[in-house]
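Analysis of the macromolecular model
For reference, the chains in residue letters:
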Amino acid sequence: MNTLPQQLANGLFLGSMYGLIAIGYTMVYGIVQLINFAHGEIFMTGGFGALTVYLALPDGISMWIALPAMLVGGALVAVLIAVGAERFAYRPLRGAPRLAPLITAIGLSLALQQLVFNLYPNAKTSRVFPQLPFGPYHLGSITVQSGDVFLIIAAPLCMAVLAFFVRLSRTGRAMQATAQDPDTARLMGIDTNRIIVIAFAIGGLFAAVAGTAYGFKYGNVEYTMGFLAGLKAFTAAVLGGIGNIYGAMLGGLVLGLAEAMATAYIADIPGMQQLGGQGWAPVWAFVLLILVLLIRPQGLLGERVADRA
Amino acid sequence: MTALLQVEDLRVAYGKIEAVKGISFSVEAGQVVTLIGTNGAGKTTTLRTLSGLLKPVGGQILFDGKPLTGVPAHKIVALGLAHSPEGRHIFPRLSIAENLQLGAFLRKDKEGIEQDIQRAYDLFPILGERRKQAAGTLSGGEQQMLAMGRALMSRPKLLMLDEPSMGLSPIMMQKIMATIAELKSQGTTILLVEQNAQAALSLADQGHVMEVGSIVLSGSGQELLHDESVRKAYLGED
Ligand SMILES: Nc1ncnc2c1ncn2[C@@H]1O[C@H](COP(=O)(O)OP(=O)(O)OP(=O)(O)O)[C@@H](O)[C@H]1O
Ligand SMILES: [Mg+2]
């Protein structure tokens, strides 16, 4: 049943989700050199935002109508929280020692979890998420669930739109300039504060798509879902070369694949029987991170720091 | 006639340390004015304050009749003040053409921008030959040309150049200075910061000598060029 092709496919689906979340880490880091450790919770609130919209819609509504509304709702919530975090938590700390925004991020992360835990109805454990009305599909030996179909369509689509936006739009060009040399970008007439807000907003948007995908994939959302997913997506961003959007997606895919392979096959290696299974997945994710950082500290697609100056 | 740029008693500090301690000078339209002085005199600090990257702790800046103090940096270029920063600061991973386009970021006239990019290529042919190349791969002198070309792309009323000859070979330095002279002859108003006092003063209508945050001597370029104390301190004569 769990053939190699199936494991590879699982890795790609999972990796697409990590990649979508990783975009948020990498965009923000690329522009303001800040690790937004609350980004996992922004992903979580995106999932809850989508669920809220679904619950507000009339019973029995077609998922084809509900889906776009859910995405818009999730995006609205996640973008508002991401932009609010920038405006009220991180911006006042710009120029402060690096530790200050880092601690703020961790505090924000806990606060968002507790807010959902305490205020969202029946969110103490997990909330059931609606399912997309198609699938599963069988392609040879691979089974593809509806949530995975959503992921393999949404992730490349989002990525392509982002790539075009960054490369071809005026704002995208301004983002590149700000990432490379913020003071000089201001001399060009670029409002770098606005660019920072846009980076957070794009991160929030992608996180909302990922949060909704998570609900479709696992059938529920939990207030804790942002913790591990966020940590792994951060790993993916570093793996791919933080600051590089293609690296974030690549890092996500590599991480997803590695995780799927490790959880499925490590236990088959003699003497490692106890190390298989889902519980070990984060361990293998971080082992991979450490290995890549030892061999290639700048990440897969990252530039060496000296080249950035 | 009122000056294009009027700086009155400008004071700028980094924390408690005052780097610019109350300087006053002005730039008339069409003039080249130079600030010379030793390392750490406060020249860069002055230019960065004029373009809004630093906030002054005191004094007045009037540009084209409008106060600049309190105006954010990204709005100052729109008023007609362009700044080619010390150390060039081209965008290394963007192409030459993209760097030039960024210099015209606030302009909407596509055709005019294209014409001005062509003009930059005419001024610096090497930039035209390499227009698709990443700017970070250019030599120091070529990067300096790009930084100047980029600053010109906003069609500024005042062009501020911070040490355009820094770190360049004598030939490249001559070329850059000749370009500044050419810009001057076309009527560009320039505020030039230079360590190469000889070259800067030869070009300048007005010069000011800065020492530890103050202007200690002012005069026409020719006067300063022949001033004994300037010759001793900056032109390496004894
Ligand atoms: N970011 C900063 N923080 C603290 N002090 C600074 C900073 N930048 C400059 N200074 C100090 O301010 C003073 C003036 O520096 P500034 O760079 O304006 O000098 P300069 O005349 O441009 O010198 P140079 O010819 O070496 O470029 C110096 O004493 C310098 O050490
Ligand atoms: Mg300087």
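Described below are features of the structure shown in this document. Quick caveat: nothing in here was measured; it's all calculated off a predicted structure. (Residues numbered from 1 in each chain as written. Chains lettered and ligands numbered in written order. Predicted model: local features only at pLDDT ≥ 70, side-chain atom pairs only at ≥ 80, totals over all residues. Heavy atoms only, no water.)

Some details on the pairing of strand β10 (residues 214-220) of chain B
The side chains of a regular strand alternate, first on one face of the sheet and then on the other. Residues and elements named next belong to chain B. As defined by bridge partners, strand β9 (residues 206-211) adjoins β10 across six bridges and the pair is classed as antiparallel. Considered in β10, the bridge of Gly207 is made with Gly219. Hairpin connection of β9 to β10: two residues between the antiparallel strands, including Val212 at a positive phi of 30°. (Pairing = 2+ DSSP bridges. Helix = DSSP H or I, 4+ residues; strand = E, 2+ residues; numbered from the N terminus.)

Considering the site of ligand 1
Residues and elements named next belong to chain B. Asn39, Thr44, Thr45, Glu86 and Gln195 are the nearest of the 13 residues found near ligand 1. Taking Gly42, its main chain carries an N or O atom lying 2.9 Å from an oxygen atom of ligand 1. A distance of 2.6 Å separates an oxygen atom of ligand 1 from a polar side-chain atom of Gln195. Compared with its free state, where it exposes 630 Å², ligand 1 has 59% of that area covered by protein. The dominant element in the shell around ligand 1, judged by the number of residues it contributes, is helix α1 (residues 43-50), at three residues. Of the residues in the shell around ligand 1, the class split is three nonpolar, seven polar and three charged. (Near = heavy atom within 4 Å. Polar contact = N/O pair within 3.5 Å; in protein donor to acceptor, adjacent residues only side chain to side chain. Areas by Shrake-Rupley, 256 points an atom, 1.4 Å probe, with all protein chains shown as cover. Nonpolar A, V, L, I, M, F, W, Y, C, P; charged D, E, K, R; others polar.)

Regarding the packing of aromatic side chains
Residue and element names in this part refer to chain A. Inspection of every chain in the model, using the stated rule, returns 12 aromatic pairs over all chains. Taking 5.6 Å as the distance between ring centres and 10° as the angle between the ring planes, the aromatic pair formed by Trp64 and Phe134 counts as stacked. Remark: Phe134 occurs in the loop between β1 (126-128) and β2 (137-139) and Trp64 occurs in helix α3 (residues 63-90); sequence separation between them is 70 residues. Overall, the relative accessible area of 18% leaves Phe134 in the buried class. The interplanar angle of 75° and the centroid separation of 5.2 Å between the aromatic rings of Phe150 and Phe216 together place this pair among those described as edge-to-face. With Phe150 in helix α5 (residues 146-168) and Phe216 in helix α8 (residues 192-218), this residue pair connects regions lying 66 residues apart in the sequence. A residue is classified by how much of its surface remains accessible, and Phe150, at 9% relative accessible area, is buried. The aromatic ring of Phe88 is capped on one face by Arg87, whose charged end is 5.6 Å from the ring centroid. Sitting over the ring of Phe117, Lys124 keeps its end group 4.9 Å from the ring centre. (Phe/Tyr/Trp six-rings, centres within 6.5 Å; stacked < 30°, edge-to-face > 60°. Buried < 20%, exposed > 50% of the residue type's maximum accessible area, 1.4 Å probe, protein only. Lys NZ or Arg CZ within 6 Å of the ring centre and 35° of its normal.)

Purely geometric stuff here, so don't read any function into it on its own.
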